[in-house]
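Residues per chain, in single letters:
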Amino acid sequence: MTSLWLKSVRRMSRAQQAQGRRLLQSLVPKPPRAPAARKAKPSKVAKARPAAVVRKSAASPARPLTGLPGHWQKSWFSVPAVGQVASARRMLYWLYLPSVAATAPLPLVVMLHGCQQTATDFALSTRMNALAERKGFAVLYPQQSAAADAHRCWHWYKRSTQEGLGDVRLIADMVAQVQARHGLDRSRTYVAGLSAGAGLANILALHYPAMVAAVGLHSAPVFGTTDSPMSAYRAMQHGSGAVHRESVQAFGRAEQAFPGMPAILLHGARDSVVRRINMTQLTEQFAILNAGFITREEPVVRRYPARSTGRHPRHAYESASWYAGRKPQLVACEIDHLGHAWSGGDGSVEFSAPEGPDATLMMWTFFAQHRRLATPAPGVSTMEA
């Protein structure tokens, strides 16, 4: 009997381990499939920029700089150990500095990649470096270590991360060092991300609002409602019920002097990895956090039709904008027919859809309207009027 009982326990243990592995794998998004071939004759644009998502190696650091005169550099950021309180930390990052002769300190955009991506993958996908060269801003790409996570996922769902510890604090220190080393404009620092990177970007912005002037979230999970891979999966697929309001209200009570956080949210209507309900709940969360700055309660809703011809084909999309005076404080944009991929990105890499709208340009256009005061006084908003 003892032998039979032990065999039964072993079978149950193996089944539980297999279930746990399946759950963890479900948190890692699969690359979006190429759309089925159409019977209609493809346009010249479609031939030049195929919709199929084919993985290409990003091993060559020169690829994101093709045709760009700026400086693309690889560096490491390290934090020494503090006795037995904190262990040493080291994180790889890439930095793009445009070639423009700056007459004033440059803004900085911090870009956080998604699962199964590297910093160079994300630079290729978003083409943010090319826009930085045209508009005159620096771009920082922290990279999650494969030792920290086999799929290079940021652990946005952990309670310690949501409290601003771990990678959040490390990246904030990295940003401060890069700003000081290159003389960047501390009042114009922005953070953006995709999927798990968007989840971490949100947490970074909320815990360091004096540093971050605005945030851009693409295909992001709802904030502050998870504490494990299982609850993260539930949130990604089903949202969080009413818990998302409670979590952000609790955050607001803990941060009584919170200066507001301008945010632009983009999400694909056909995203099966992080379902659209997440953007709905994130929008509610940011409306609560920005309630003291939004001057018009009802959003301005705009609908943009699809465009299948021309140099820049795009999906139809709808945006809802809440304003603080004349500036948009919160923008939520749902994109028709888009899955779990960066909208308007380079179609040669995973998690990137060549059809627009151009998420990169939309985010920068939003960011450029916001800045923080460099040295906020206690109890005074750091939002520029």
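These numbers come from a predicted model, not from an experiment.

Overview of the sheet that holds strand β2 (residues 89-97)
In space, the ten strands of this open sheet follow the order β1-β2-β4-β3-β5-β6-β7-β10-β9-β8, with mixed pairing throughout. Sheet topology places β1 (71-79) and β8 (300-304) at the edges, where each strand pairs with a single neighbour. Mean inter-strand twist for the sheet, computed between neighbouring axes without regard to direction, equals 15 degrees. Looking at chain direction, strand β5 (residues 189-194) and strand β6 (residues 214-218) are connected through five bridges and run parallel. Each residue of the ladder has a partner; that of Val191, found in β6, is Val215.

Here we look at the packing of aromatic side chains
In the structure shown here, the tally under the stated rule is ten aromatic pairs. Consider the rings of Trp156 and Tyr157, whose centres lie 5.7 Å apart with planes at 90 degrees: the pair is edge-to-face. Here the aromatic residues Phe137, Tyr190, Trp364 and Phe367 are joined through ring pairs into a cluster of three or more. Just above the ring of Trp76 sits the side chain of Arg90; from NZ or CZ to the centre is 3.9 Å.

So, the environment of Ala172
Counting through the fold element by element, Ala172 comes out in helix α6 (residues 167-182). Separated by 39 residues in sequence, Ala172 and Met211 have C-alpha atoms that sit 8.3 Å apart. In contact with Ala172, not counting residues within four places along its chain, are Leu204, Tyr208 and Met211.

Some details on the pairing of strand β10 (residues 327-335)
Within β10, seven of the nine residues are buried, leaving the element largely enclosed by the surrounding structure. Where strand β7 (residues 263-268) lies against β10, six bridges are found, and the strand directions are parallel. Looking at the pairing, Ala263 lines up with Leu330 of β10. Pairing of strand β9 (residues 317-324) with β10 involves eight bridges; the strand directions are antiparallel.

What about helix α9 (residues 243-254)?
Relative to the 16 Å expected for twelve residues at 1.5 Å per residue, α9 spans 17 Å between its end C-alpha atoms, a close match to the ideal helical length. Along α9, the positions that sit buried rather than exposed are His244, Ser247, Val248 and Phe251. What you see down the axis of α9 is that its buried residues fit within an arc of 90 degrees, all on one side. Turned more than 90 degrees off the buried face of α9, the exposed positions are Glu246 and Arg253. Among the structural elements, α7 (196-207) and α10 (277-289) are those in contact with the buried residues of α9.

A look at the packing of α6 against α7
Viewed as axis vectors pointing N to C, α6 and α7 meet at an angle of 70 degrees, and their least axial separation amounts to 10 Å. If you check the angle between α6 and α7, you find them roughly perpendicular. The handedness of the crossing between α6 and α7 comes out as right-handed. Contact residues: Asp167, Val168, Ile171 and Ala172 in α6; Leu200, Ile203 and Leu204 in α7.

Details of the side chain of Thr283
Its place among the elements puts Thr283 in helix α10. Reaching out from Thr283, the side chain makes a polar contact with the backbone oxygen of Met279 at a distance of 2.7 Å. Leaving out residues up to four positions away in the same chain, Thr283 has contacts with Leu265, Trp322, Leu330 and Ala332.

Digging into the side chain of Ser195
Mapped onto the secondary structure, Ser195 falls in the loop between β5 and α7. Look at Ser195 and you get buried, because its relative accessible area is 6%. Once you skip the residues sitting within four places of it in the chain, Ser195 turns out to touch His218, Ser219, Ala220, Pro221, Val274 and His340.

Points about the pattern of salt bridges
Applying the stated criterion to the full structure yields six salt bridges. Across the pair Glu284 and Arg245 runs a salt bridge, and its minimum N-O distance is 2.9 Å. Here the residue Glu284 occupies a position in helix α10, and Arg245 occupies one in helix α9, the gap between them amounting to 39 residues. By relative accessible area, which is 27% here, Glu284 ends up partly exposed. Judged by its relative accessible area of 35%, Arg245 falls in the partly exposed class.

The rules we used
Residues numbered from 1 in each chain as written. Predicted model: local features only at pLDDT ≥ 70, side-chain atom pairs only at ≥ 80, totals over all residues. Heavy atoms only, no water. Pairing = 2+ DSSP bridges. Helix = DSSP H or I, 4+ residues; strand = E, 2+ residues; numbered from the N terminus. Axes fitted to C-alpha atoms, helices over the stretch in contact; angles between N-to-C directions. Phe/Tyr/Trp six-rings, centres within 6.5 Å; stacked < 30°, edge-to-face > 60°. Lys NZ or Arg CZ within 6 Å of the ring centre and 35° of its normal. Contact = heavy atoms within 4.5 Å. Buried < 20%, exposed > 50% of the residue type's maximum accessible area, 1.4 Å probe, protein only. Expected span 1.5 Å × (residues − 1). Arc of directions from axis to C-beta. Parallel < 35°, antiparallel > 145°, perpendicular 65-115°, else oblique. Left-handed = near helix turned anticlockwise from the far one by under 90°. Polar contact = N/O pair within 3.5 Å; in protein donor to acceptor, adjacent residues only side chain to side chain. Salt bridge = Lys/Arg side-chain N within 4 Å of Asp/Glu carboxyl O.

Bear in mind that shape data such as this cannot, by itself, settle questions of function.
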